[in-house]
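As a plain string of letters, each chain reads:
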Amino acid sequence: MPDQTDRFLAKVAAGNGGCWHWTGHIKPNGYGQVTVGGRKFNAHRFAYEALRGPIPDGLVIDHLCRNRRCVNPDHLEPVTHQTNALRGIGPTARNAKATHCVRGHDFDAANTYITPNGARQCRACHAAHARARYSRRGVPRAAA
C-alpha cells in the first residue's frame, strides 16, 4: 500500500487549523473520494486506515475539526454512529442538547416523558394538547 498511500498524499494540501484538505474528487455531500484499485472509498476513511490502521467494526469516522474535506488522521476518530450524530450540528444533536421544549418548559425528570423510540416529550405540553383535544370534542373534564 505504500505506492497507493504516496498517490493519496499527493492530493492533500495543508489547510487552516492543521487540516489536510483533500484536493481530489469531492462528492456532492462534501466528502472527498479516492479510487484505489478500481474501488471508490471515502478519502477520510482511506486516510485513517492507511495511516492509523483498520476502523473497528461498528464504528464510523468522526471529523473532530468538523471539516468534511479534512483527511488528517489526527482530526479523525472512530466512534459509534450515535456519538457522531450527537457531536454534530444536525437536528439530532440540536434536540439532544435542548434543555427546554419549544414552549419553554424544562426538560427535567418530572416534566419529561421518554417515548418507546427514545424521543423526549414535554409532559406539560402533552397535557395542554390533550385538554384542548377533549375540549374540542365536548368531553367534560373530570373534577380535580
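Any empty space left between atoms is shown by rolling a water-sized probe over those atoms. Approximately 420 Å³ is the volume found for the largest pocket. In terms of lining residues, the largest pocket is bounded by 17 residues, among which Y31, D62, R66, R68 and N84 are the most central. Per-element accounting of the lining of the largest pocket gives the leading share, four residues, to strand β5 (residues 60-63). Residues that form the lining of the largest pocket fall into these classes: five nonpolar, eight polar and four charged. Lining the second largest pocket, in full, are L86, T92, N95, A96, A98, F107, G118, A119 and R120. Residues belonging to the lining of the second largest pocket are distributed by class as follows: five nonpolar, three polar and one charged.

Right, let's get into the environment of R52. By secondary structure assignment, the location of R52 is in the loop between α2 (43-51) and β5. In this structure R52 comes out as partly exposed when scored by relative accessible area, which is 47%. Sequence-wise, R52 and T5 are 47 residues apart; in three dimensions their C-alpha atoms are separated by 12 Å. For R52, the contacting residues outside a window of four places in its chain are A47, P73 and D74.

Tallying each qualifying case throughout the model produces three aromatic pairs. Relative to F46, the ring of F8 has its centre 5.0 Å away and its plane inclined at 45°; by these criteria the two rings are tilted. Residue F8 is located in helix α1 (residues 2-9), and its partner F46 is located in helix α2; the two are separated by 38 residues in the primary sequence. On the basis of relative accessibility, which here comes to 3%, the residue F8 falls in the buried class.

Moving on, we come to the nonpolar core. Of all hydrophobic cores here, the largest spans eight residues; its members are F8, W22, V34, V36, A43, F46, A47 and V71. No other element matches the three residues that α2 contributes to this core.

Summed over all chains, the structure comprises four salt bridges. For D74, the salt bridge identified is with R52, shortest N-O distance 2.2 Å. Of this pair, D74 sits in the loop between β5 and β6 (76-79) while R52 sits in the loop between α2 and β5; the two residues are 22 residues apart in sequence, bridging distant segments of the chain. Note that R87 is salt-bridged to E77, the shortest N-O span being 2.9 Å. On the criterion of sequence distance, the pair formed by R87 in helix α3 (residues 81-87) and E77 in strand β6 is long-range, its members being ten residues apart. On the basis of relative accessibility, which here comes to 34%, the residue R87 falls in the partly exposed class. E77 sits in the partly exposed class, given a relative accessible area of 28%. Three or more residues joined by partner-sharing salt bridges are found here, namely D62, R66, E77 and R87.

The rules we used
Residues numbered from 1 in each chain as written. Predicted model: local features only at pLDDT ≥ 70, side-chain atom pairs only at ≥ 80, totals over all residues. Heavy atoms only, no water. 1 Å grid on protein atoms, 1.4 Å probe; cavity = no way out; pocket = protein on both sides within 12 Å on 5 of 7 lines; lining within 4 Å. Points joined across faces, edges and corners; volume = space filled by probe spheres on them. Helix = DSSP H or I, 4+ residues; strand = E, 2+ residues; numbered from the N terminus. Nonpolar A, V, L, I, M, F, W, Y, C, P; charged D, E, K, R; others polar. Buried < 20%, exposed > 50% of the residue type's maximum accessible area, 1.4 Å probe, protein only. Contact = heavy atoms within 4.5 Å. Phe/Tyr/Trp six-rings, centres within 6.5 Å; stacked < 30°, edge-to-face > 60°. Core = buried A, V, L, I, M, F, W, Y, C linked by side-chain atoms within 4.5 Å. Salt bridge = Lys/Arg side-chain N within 4 Å of Asp/Glu carboxyl O.

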